[in-house]
Amino acid sequence: MTGLRDTVSTSAAGSGFVVLYESQTTRIYRAVDQEGSVICKEPRGAGAALRLRREAGTLRRLQGIDGVARLSTRLKAPGVLPMEDCGGVALSQVLRTRRLPTAEVLALAIRLARTLSEVHRAGVVHRDINPANLLLSDAGAPVLVDFDCAVSAEHPALDAGGDMVGTAGYVAPEQTGRTGHVVDQRADLYSLGVTLYELTTGRLPFAPPDALEMLRDHLLREPAAPSHVDPAIPRGFSDIILRLMAKSPAQRYQTAEGLAHDLHRLRDTLEQGTDGRFELGRDDFPARLTPE
């Protein structure tokens, strides 16, 4: 695809691409030619080449899973990770403009639970689930992106023990490095719970003025129930979100598949005109024993 290669090689001129995100460690842009567009992720700084190889390897491992960003074969350029363009907008941007109806959040939650179930079954833990890393495609489907922090048996953690990985407002207590618990798939479920909390209530469960206090809140404070923040939120949905956000991994959902079962049941009970409350976790069985 010569046109896209030319787009990348002439990027300094600002021709044929739009920067979507830029920081000291990453630049993400949309490269466009006459045949369409590709999303390009360009790691920067120390360890950029290794980070790119690891993320590319993770995405190859997850290819074919519905709701996960897909590698593109249309672009080959040094130092660039090309991905198919779903035309999506980050949920974090959507939240700045509107509050999603509860029914829409529930539909997104069901699809995300299915996606996470497949990701975890493939042996990958994302470690940074938050609205900025969830795109809404043109068709309104959620797409999980940015596997820069992801770990698996093939790609174990590079960060030193005790270092926090993830986005402060959404990290599980064990991701702070201060609990002694291992970081496994249940950390992703906690972060998904925080994301659903924000989508349903319009705010984060904890919003202190600095990051250190934010981490302390994740470790020690219990969030207000979403149904207390907004009585229009069904109590059953509120219960599920709070279970996802339990401080101890052993008290959360153990699997995304178990979560998906409860979300489907919630949708069915809400359609019957109830508040959606029922016994949670009845179908939540880990495929293998997990550490406390």
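Residues numbered from 1 in each chain as written. Predicted model: local features only at pLDDT ≥ 70, side-chain atom pairs only at ≥ 80, totals over all residues. Heavy atoms only, no water.

(A) Layout of empty space enclosed by the protein. Under the criterion given, the structure shown has one cavity of 30 Å³ or more. Of the voids in this model, the largest cavity is the one considered here, and its volume is about 40 Å³. Tallying contributions element by element places helix α4 (residues 102-121) first for the lining of the largest cavity, with three residues. Its residues assigned to classes, the lining of the largest cavity shows six nonpolar, one polar and no charged. (1 Å grid on protein atoms, 1.4 Å probe; cavity = no way out; pocket = protein on both sides within 12 Å on 5 of 7 lines; lining within 4 Å. Points joined across faces, edges and corners; volume = space filled by probe spheres on them. Helix = DSSP H or I, 4+ residues; strand = E, 2+ residues; numbered from the N terminus. Nonpolar A, V, L, I, M, F, W, Y, C, P; charged D, E, K, R; others polar.)

(B) Representation of the pairing of strand β1 (residues 17-22) within the structure. Summarising the sheet, β1 and strand β2 (residues 26-33) pair through five bridges and their orientation is antiparallel. What sits directly across from Glu22, in β2, is Arg27. The hairpin formed by β1 and β2 contains three residues between the paired strands. (Pairing = 2+ DSSP bridges.)

(C) Region of interest: the pattern of salt bridges. Applying the stated criterion to the full structure yields 15 salt bridges. Of the charged contacts in the structure, one is a salt bridge between Arg221 and Asp217, with a shortest N-O distance of 3.4 Å. A residue is classified by how much of its surface remains accessible, and Arg221, at 41% relative accessible area, is partly exposed. The partner of Asp239 in a salt bridge is Arg277, and the shortest N-O contact between them spans 2.8 Å. Here the residue Asp239 occupies a position in helix α8 (residues 235-244), and Arg277 occupies one in the segment after α9 (256-271), the gap between them amounting to 38 residues. Classification of Arg277 by relative accessible area gives partly exposed; the value is 40%. The structure contains a network of salt bridges with shared partners spanning Lys41, Glu55 and Asp146. (Salt bridge = Lys/Arg side-chain N within 4 Å of Asp/Glu carboxyl O. Buried < 20%, exposed > 50% of the residue type's maximum accessible area, 1.4 Å probe, protein only.)

(D) Geometry of the sheet that holds strand β3 (residues 36-43). Taking strand neighbours across the sheet as the criterion, the four strands line up as β1-β2-β3-β4 in an open arrangement whose pairing is antiparallel. In the strand order of this sheet, the two ends are held by β1 and β4 (81-84), each with one partner. Recorded for the sheet is a direction-independent mean angle of 25° between the axes of neighbouring strands. Against the sheet, helix α2 (residues 48-62) engages β2, β3 and β4, with an angle of about 30° to β4. (Axes fitted to C-alpha atoms, helices over the stretch in contact; angles between N-to-C directions. Contact = heavy atoms within 4.5 Å.)

(E) Local environment of the environment of Ala246. The topology assignment puts Ala246 in the loop between α8 and α9. The contacts of Ala246, once residues within four sequence positions are left out, are Tyr190, Gln251 and Arg252.

(F) Summary view of the packing of aromatic side chains. Within the structure shown, the criterion is met by zero aromatic pairs. For the cation-ring pair, Arg243 lies above Tyr253, with the distance from its terminal atom to the ring centre recorded as 5.0 Å. (Phe/Tyr/Trp six-rings, centres within 6.5 Å; stacked < 30°, edge-to-face > 60°. Lys NZ or Arg CZ within 6 Å of the ring centre and 35° of its normal.)

(G) View of the environment of Cys86. In this fold, Cys86 is placed in the loop between β4 and β5 (89-90). In this structure Cys86 comes out as partly exposed when scored by relative accessible area, which is 23%. Spatially, the C-alpha atom of Cys86 lies 32 Å from that of Asp284, the residues being 198 residues apart in sequence. Among all residues touching Cys86, those that are not within four sequence positions of it are Leu135, Ser137, Asp138 and Val143.

(H) Broad picture of the sheet that holds β5. Spatially, β5-β6-β7 is the arrangement adopted by the three strands of the open sheet, whose pairing is antiparallel. Edge positions in the sheet fall to β5 and β7 (142-144), since each has one partner strand and no second.

(I) Local environment of the nonpolar core. Residues Phe147, Leu196, Phe237, Ile240, Leu259 and Leu263 are the most contacted members of the largest nonpolar core, which totals 59 residues. Residue contributions to this core peak at nine residues, all from α4. (Core = buried A, V, L, I, M, F, W, Y, C linked by side-chain atoms within 4.5 Å.)

(J) View of α9. Taking 1.5 Å per residue, 16 residues should reach 22 Å; α9 reaches 23 Å between its end C-alpha atoms and fits that length. If you check which residues of α9 are buried, you get Ala256, Gly258, Leu259, Ala260, Asp262, Leu263, Leu266 and Thr269. The secondary structure elements touched by the buried residues of α9 are α4, α5 (185-201) and α8. Directly after α9, the chain includes Gly273, whose backbone phi takes a positive value near 85°. (Expected span 1.5 Å × (residues − 1).)

(K) Examining the side chain of Ser72 more closely. Among the secondary structure elements, Ser72 is positioned in the loop between α2 and β4. Looking at Ser72, its side chain comes within polar contact range of the main-chain nitrogen of Arg74, at 3.1 Å. Not counting residues within four places of it along the chain, the set of residues in contact with Ser72 comprises Val38, Pro82, Met83 and Glu84. (Polar contact = N/O pair within 3.5 Å; in protein donor to acceptor, adjacent residues only side chain to side chain.)

(L) Spatial organisation of a nonpolar patch on the surface. A cluster of nonpolar side chains, namely Val18, Leu20 and Tyr21, defines an oily patch on the protein surface of about 290 Å² accessible area. With respect to the secondary-structure elements, Val18 resides in strand β1. Residue class for Val18 comes out partly exposed when judged on its relative accessible area of 48%. (Patch = residues over 30% accessible without salt bridge, like charges linked within 9 Å, V, L, I, M, F, W, Y side chains within 5 Å. Areas by Shrake-Rupley, 256 points an atom, 1.4 Å probe, with all protein chains shown as cover.)

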